[in-house]
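# Examining the three-dimensional arrangement
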Amino acid sequence: MISGKGGTGKTSVSASFAVLANRPVIADCDVDAADLHLVLTPRIIERHDFYSGHEAVIRPSDCIDCGVCLEPCRFGAVLEVDKTGCGASFVIDPIACEGCGVCVMLCPTKAIDFPERLCGEWMASETRCGPMVHAQLGVAAENSGKLVTQVRQQARRIAALENRSLIIIDGPPGIGCAAIASMTGVSMALAVTEPTVSGEHDLERILSLARHFGIPSAVCVNKWDLNPAMTERIERKASQAGARILGRIRYDRAVTLAQMQERAVVEIDAPSAEDIRKIWHELEM
């Protein structure tokens, strides 16, 4: 499940597909803002730290306050602070540090450590729909694409171990590294969009990305009845771009009700649930 922009409803559709599918493995690859767990209420079985890149850390006991590290830092991560009347000292802002290592190389007393950076965590869980792999990237942490790859690798491992033939991926919005890592090598990419100008624009970008990697793509328009004319325009353009039109999902307040109950849309009596079931049926064909 992909989308050129956030808020189109792909997580709601992903959760419903997980309910409708037969023995899937579920992978939440929206590691920057994971929320599939809010609907599927996973029970965490494994929890693992995710390390990527490095960060510089000054050891105060060995720092001679020479300031050699201050000027070469292009990211403004080296800060000069008042050492309570005992002269100047230097610290490194972990948020601003890009892990380039210049300060480490230039320090005359080798007083700067360069450990791996803890960027987040990934988890393997059990849900009522099957096993789920999900993750959370840390605040201002990088390498979301690498964490997405880790999530997908673990999902494939579980699928092979438990003889499950289907992996449902809830991808991140946009067309950046995380989206690319979520899409590459999949058998089908379903783009969930909305009938707005931004939805139309960003759908064009995500379908272009799918074409670039040779991935078969399909489209469904969520909340289509809010702007039927735009829906028809989006479907026409998507079809011209080579995407398969799977169906439409009506605007339905029951979707919010389902989320409040920690349930997928197809698990409650909702008009939009039938729309999603039809799309799933089309996808299976």
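This section reports on the structure supplied with the text. (Residues numbered from 1 in each chain as written. Predicted model: local features only at pLDDT ≥ 70, side-chain atom pairs only at ≥ 80, totals over all residues. Heavy atoms only, no water.)

### Some words on the environment of Asp113
Here is the rule: The way it works is that DSSP assigns letters per residue, a run of H or I at least four long becomes a helix, a run of E at least two long becomes a strand, and they are numbered from the N terminus. Partly exposed describes any residue whose relative accessible area lies between the buried limit of under 20% and the exposed limit of over 50%, with all areas from a 1.4 Å probe on protein chains only and scaled to the type maximum. Residue contacts are counted whenever heavy atoms from the two residues lie within 4.5 Å of one another. As used in this structure description, the phrase polar contact means that two N or O atoms lie within 3.5 Å; if the pair is within protein, one of them must be able to donate a hydrogen and the other to accept it, and residues adjacent in sequence are counted only when both atoms belong to side chains.
Assignment of secondary structure puts Asp113 in strand β6 (residues 112-113). Taking relative accessible area as the criterion, Asp113 reaches 32% and is therefore assigned partly exposed. Linking Asp113 and Val133, residues 20 residues apart in sequence, is a C-alpha distance of 33 Å. When neighbours within four sequence positions are excluded, Asp113 is seen to be in contact with Glu55, Ala56, Val57, Arg59 and Val104. A polar side-chain atom of Asp113 sits 2.5 Å from a polar atom in the side chain of Arg59.

### Description of the pattern of salt bridges
Let me state the cut-off plainly: By salt bridge we mean one thing: a side-chain nitrogen of Lys or Arg within 4 Å of a carboxyl oxygen of Asp or Glu.
Counted by the stated rule, this structure contains 18 salt bridges. For the salt bridge of Glu194 with Lys5, the shortest nitrogen-to-oxygen distance reads 2.8 Å. Taken together, the residues span a long stretch of sequence, with Glu194 in the loop between β10 (189-193) and α6 (197-212) and Lys5 in the segment before α1 (10-20) at a distance of 189 residues. A salt bridge links Asp202 to Arg205, with the shortest nitrogen-to-oxygen separation between them at 3.5 Å. Remark: Arg205 and Asp202 occur in helix α6; sequence separation between them is three residues, near one turn of the helix. Residue class for Arg205 comes out partly exposed when judged on its relative accessible area of 35%. A single salt-bridge network, built from bridges that share partners, covers Glu200, Glu204, Arg233 and Lys237.

### Brief notes about the packing of aromatic side chains
For the record, the criterion: Ring pairs are drawn from Phe, Tyr and Trp, using the six-membered ring of Trp, whenever the two centres fall within 6.5 Å, and their geometry is named by plane angle: stacked under 30 degrees, edge-to-face over 60, tilted for the rest. For a ring to carry a charge above it, either NZ of a lysine or CZ of an arginine must fall within 6 Å of the ring centroid while also lying within 35 degrees of the normal to the ring plane.
Per the counting criterion, the structure on display carries one aromatic pair. Where Phe17 meets Trp280, the ring centres are 4.9 Å apart and the plane angle is 50°; that geometry is what we call tilted. Here Trp280 lies in helix α9 (residues 271-284) and Phe17 lies in helix α1, a separation of 263 residues in the sequence. By relative accessible area, which is 1% here, Phe17 ends up buried. Look at Trp280 and you get buried, because its relative accessible area is 11%. The ring of Trp224 has Arg248 lying over it, and the distance from NZ or CZ to the ring centre is 4.9 Å.

### Description of a nonpolar patch on the surface
Our working definition: Patch members must show over 30% relative accessible area and no salt bridge, and they are joined within 9 Å when carrying like charges or within 5 Å when they are nonpolar side chains of Val, Leu, Ile, Met, Phe, Trp or Tyr. Using a 1.4 Å probe, accessible areas were evaluated by the Shrake-Rupley method; residue-level cover was limited to the displayed protein chains.
A surface patch of nonpolar side chains, about 280 Å² in accessible area, is lined by Val68, Met105 and Leu106. Mapped onto the elements, Val68 comes out in the loop between β3 (57-58) and β4 (78-82). You can call Val68 partly exposed: its relative accessible area is 36%.

### Looking at empty space enclosed by the protein
To keep things clear, this is the line we draw: A 1.4 Å probe that fits into a set of points on a 1 Å grid over the protein atoms alone but cannot get out defines a cavity; an open set with protein on both sides within 12 Å along at least five of seven lines defines a pocket, and lining residues are those with an atom within 4 Å of a point. Grid points are joined across faces, edges and corners, and a volume is the space filled by probe spheres set on the points. Residues are sorted three ways: Asp, Glu, Lys and Arg are charged, Ala, Val, Leu, Ile, Met, Phe, Trp, Tyr, Cys and Pro are nonpolar, and all the rest, Gly among them, are polar.
What the rule picks out here adds up to two cavities of 30 Å³ or more. In this structure, the largest cavity encloses a volume near 110 Å³. For the largest cavity, the lining is made up of 15 residues, of which Cys73, Val78, Cys97, Cys100 and Cys103 are closest to its centre. Among the residues making up the lining of the largest cavity, the classes are represented as twelve nonpolar, two polar and one charged. Taken as a whole, the second largest cavity spans an internal volume of roughly 90 Å³. If you go around the second largest cavity, you meet 13 residues; those closest to its centre are Cys63, Cys66, Cys69, Cys107 and Ile112. Classifying every residue of the lining of the second largest cavity by side-chain character gives ten nonpolar, two polar and one charged.

### Here we look at the layout of surface pockets
Taken as a whole, the largest pocket encloses approximately 590 Å³ of empty space. Taken together, 28 residues make up the lining of the largest pocket; nearest its centre are Leu166, Ile167, Ile168, Ser187 and Met188. Looking at the lining of the largest pocket, the elements that each hand over two or more residues are α4 (144-161), β9 (167-170), α5 (177-183), β10 and α9. Here the lining of the largest pocket gets four residues from one element, more than from any other, and that element is α4. When the residues that make up the lining of the largest pocket are grouped by side-chain class, the tally is 17 nonpolar, six polar and five charged. Lining the second largest pocket are 27 residues, and of these Thr8, Gly9, Ser12, Val255 and Gln259 lie nearest its centre. It is α1 that contributes the most residues to the lining of the second largest pocket, four residues altogether. Partitioned by chemical class, the residues of the lining of the second largest pocket number ten nonpolar, ten polar and seven charged.

### Comments concerning the side chain of Arg117
Following the sequence through the fold, Arg117 ends up in strand β7 (residues 116-127). A polar atom in the side chain of Arg117 sits 3.3 Å from the backbone oxygen of His54. Polar contacts involving the side chain of Arg117 include one to the main-chain carbonyl oxygen of Cys97, which spans 2.8 Å. Arg117 has contacts with Phe50, Tyr51, Ser52, Gly53, His54, Glu55, Pro94, Cys97, Glu98 and Gly99, leaving out every residue within four places of it along the chain.

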